[in-house]
Amino acid sequence: MNPMGHDIVQRDVTVRRVDFGFDEHRIQHHFANGDPVMSHLLAMLSGLFPAGEDFFVRSVRAYRNEITDPELKRQVRGFIGQEAIHGREHRHLNECLAALGYPTGAIDRFVNWQFRLSERLPGRSRRLAVTAALEHYTATLAEVLLTDERARTMVDPEIRNLLLWHALEESEHKAVAFDVYRHVSGNDRVRCLVMNTTTVGFVGVTVVWTAASLARDPATWRHPVRVLRSLAGVRRSPWLTAAVWHRLRDYNRPGFHPDQHDSTAVLEQWKATLFGDDGVLADQLDPPAVAS
Ligand SMILES: [Fe+2]
Ligand SMILES: [Fe+2]
């Protein structure tokens, strides 16, 4: 039990050193099934992950000497290890996407600048609350990918596998930053306030950077009707359903905890599919996975 009176649930946060071999010559320009808007949206998300994940790690690590619960300490080590490897592999993908004309380098510099700027302001627990809020976003979107076949339409199998591996681990560690926040602060009013401001920032960054990325793609201007059709199709995206929105907003309910969205069965299924004996990524692990 932590000092705020909450039990820390035991969970596996396994660090898997997966090594992907991206090759820009093998990746179709609009790699999300030929859909321009989804391709730019996914490239933008990949662009912001490494700097974002570095920030998450710094925010959680800032409290590592204050975490007394041994189970939570172990999970924090797993969280830091997982996020570090996500950042590394997304950087590899982002280099390929940059070679295909996506502005992943500019997105990375912008996000890094934003987070570094926020770290100059006082408020260590606010940064942790931002991390917990964004981890709720990543886990929710990850679980859409893991549970909705329509979300897994990426043509390039290597990109699909990267996103599935990342999604699996986001779901595995979805409560770690939240539990650290409860452990060291637990202020629910601040947590919800920060979620609201983070939502404005995250949605704003996503829309502006996806639009900018599309605008500098020559294919957008060569095939405007295709882009308009793709834009109209966004309404049918599995990531933009009312259920996803309600689940995101659930975070602001008093007494919310990420484990209330039970993902045990889906995690077991994807662990076996990706890393079981015949798992599609089992031979890309180097060295074999380490349970934290
Ligand atoms: Fe991650
Ligand atoms: Fe994460």
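Heads up: these notes are all about the structure in this document.

Calculation notes
Residues numbered from 1 in each chain as written. Chains lettered and ligands numbered in written order. Predicted model: local features only at pLDDT ≥ 70, side-chain atom pairs only at ≥ 80, totals over all residues. Heavy atoms only, no water. Salt bridge = Lys/Arg side-chain N within 4 Å of Asp/Glu carboxyl O. Buried < 20%, exposed > 50% of the residue type's maximum accessible area, 1.4 Å probe, protein only. Helix = DSSP H or I, 4+ residues; strand = E, 2+ residues; numbered from the N terminus. Contact = heavy atoms within 4.5 Å. Donors = N, O, S within 2.8 Å, 3.2 Å for Na, K, Ca; no water. Axes fitted to C-alpha atoms, helices over the stretch in contact; angles between N-to-C directions. Parallel < 35°, antiparallel > 145°, perpendicular 65-115°, else oblique. Left-handed = near helix turned anticlockwise from the far one by under 90°. Nonpolar A, V, L, I, M, F, W, Y, C, P; charged D, E, K, R; others polar. Tetrahedral: all angles 85-135°; square planar, octahedral: opposite > 155°, others 65-115°. Phe/Tyr/Trp six-rings, centres within 6.5 Å; stacked < 30°, edge-to-face > 60°. Lys NZ or Arg CZ within 6 Å of the ring centre and 35° of its normal.

We now examine the pattern of salt bridges. Within the structure shown, the criterion is met by 17 salt bridges. The salt bridge involving Arg-88 is made with Glu-89; its shortest N-O contact spans 2.9 Å. Here Glu-89 falls in the buried class, since its relative accessible area comes to 0%. For Asp-250, the salt bridge identified is with Arg-253, shortest N-O distance 2.8 Å. Each member of the salt-bridge network shares a partner with another, and the members are Arg-11, Asp-179, Arg-182 and Asp-259.

This part takes up the side chain of Asn-161. With respect to the helices and strands, the residue Asn-161 is situated in helix H5 (residues 157–172). Excluding its chain neighbours within four sequence positions, the residues that come into contact with Asn-161 are Phe-20, Val-280 and Leu-281.

Around the iron ion (ligand 1), the protein contributes the donor atoms Glu-53 (OE), Glu-83 (OE), His-86 (ND1), His-166 (NE2) and Glu-170 (OE), which lie 1.9 to 2.3 Å from the metal centre. The motif formed by the donor residues of the iron ion (ligand 1), counted along the single chain, is E-x29-E-x2-H-x79-H-x3-E. Between the iron ion (ligand 1) and the iron ion (ligand 2), the interatomic distance is 3.8 Å, and Glu-83 donates to each metal, bridging them. Separated by 117 residues along the polypeptide, Glu-53 in helix H1 (residues 36–61) and Glu-170 in helix H5 bring together distant segments of the chain. With respect to class, Glu-53 is no different from Glu-170; both count as buried.

Okay, the packing of helix H2 (residues 70–99) against H5 next. Contact pair H2 / H5: the axes reach a minimum separation of 11 Å and the direction vectors enclose 160 degrees. Classified by the interaxial angle, the pair formed by H2 and H5 is roughly antiparallel. The two elements H2 and H5 meet at a crossing, and its hand is left-handed. Along its contact with H2, which presents Gln-82, Glu-83, Ile-85, His-86, Glu-89, His-90 and Leu-93, the element H5 presents Ile-159, Leu-162, Leu-163, Trp-165, His-166, Glu-169, Glu-170 and Glu-172. Its residues assigned to classes, the contact of H2 with H5 comprises six nonpolar, four polar and five charged.

Glancing now at unusual backbone geometry. With a phi close to 60 degrees, Asn-33 is a non-glycine residue in the positive phi region. Within the element layout of this structure, Asn-33 appears in the loop between strand E1 (14–15) and H1.

Here we come to the coordination of the iron ion (ligand 2). Here the iron ion (ligand 2) is held by the protein donor atoms Glu-83 (OE), Glu-135 (OE), Glu-135 (OE), Glu-170 (OE), Glu-170 (OE) and His-173 (NE2), which lie 2.0 to 2.7 Å from it. Coordination geometry of the iron ion (ligand 2): the six donor atoms subtend angles of 53 to 148 degrees at the metal centre, consistent with an arrangement described as irregular. Coordination of the iron ion (ligand 2) draws on donor residues from a single chain, spaced E-x51-E-x34-E-x2-H in sequence. Exposure remark for Glu-170: the relative accessible area of 2% places this residue in the buried category.

Moving on, we come to the packing of H1 against helix H7 (residues 188–215). Between two packed helices, what matters for the description is the angle formed by their axes and the separation of those axes. Between H1 and H7, the shortest axis-to-axis distance is 9 Å and the interhelical angle comes to 120 degrees. In terms of their interaxial angle, H1 and H7 are classed as oblique. With respect to the hand of their crossing, H1 and H7 are arranged in right-handed fashion. Contacts from Pro-36, Val-37, His-40, Leu-41, Met-44, Leu-45 and Leu-48 of H1 reach H7 at Phe-202, Val-205, Thr-206, Trp-209, Thr-210, Ser-213 and Leu-214.

The subject of this paragraph is the packing of aromatic side chains. The geometry of an aromatic ring pair comes down to the distance between the two centres and the angle between the two planes. Counted under the stated rule, the structure contains eleven aromatic pairs. Between Phe-31 and Tyr-102, the ring centres sit 5.9 Å apart and the planes meet at 65 degrees, which makes this aromatic pair edge-to-face. A residue pair is termed long-range when its members are at least 10 positions apart, and Phe-31 in the loop between E1 and H1 and Tyr-102 in the loop between H2 and helix H3 (104–120) qualify at 71 residues. The same class applies to Phe-31 as to Tyr-102, namely buried. Pairing Phe-110 with Trp-209 gives two aromatic rings, centres 5.6 Å apart and planes at 50 degrees, and the pair type is tilted. With Phe-110 in helix H3 and Trp-209 in helix H7, the pair connects residues that are 99 residues apart, well separated along the chain. Given the relative accessible area of 17%, Trp-209 is considered buried. These aromatic residues form a ring-pair network of at least three members: Phe-20, Phe-22 and Trp-165. Looking at Arg-124, its charged tip hangs above the ring of Tyr-63, at a distance of 4.0 Å from the centre. The ring of Tyr-251 has Arg-191 sitting right over it, with the charged end atom 4.7 Å from the ring centre.

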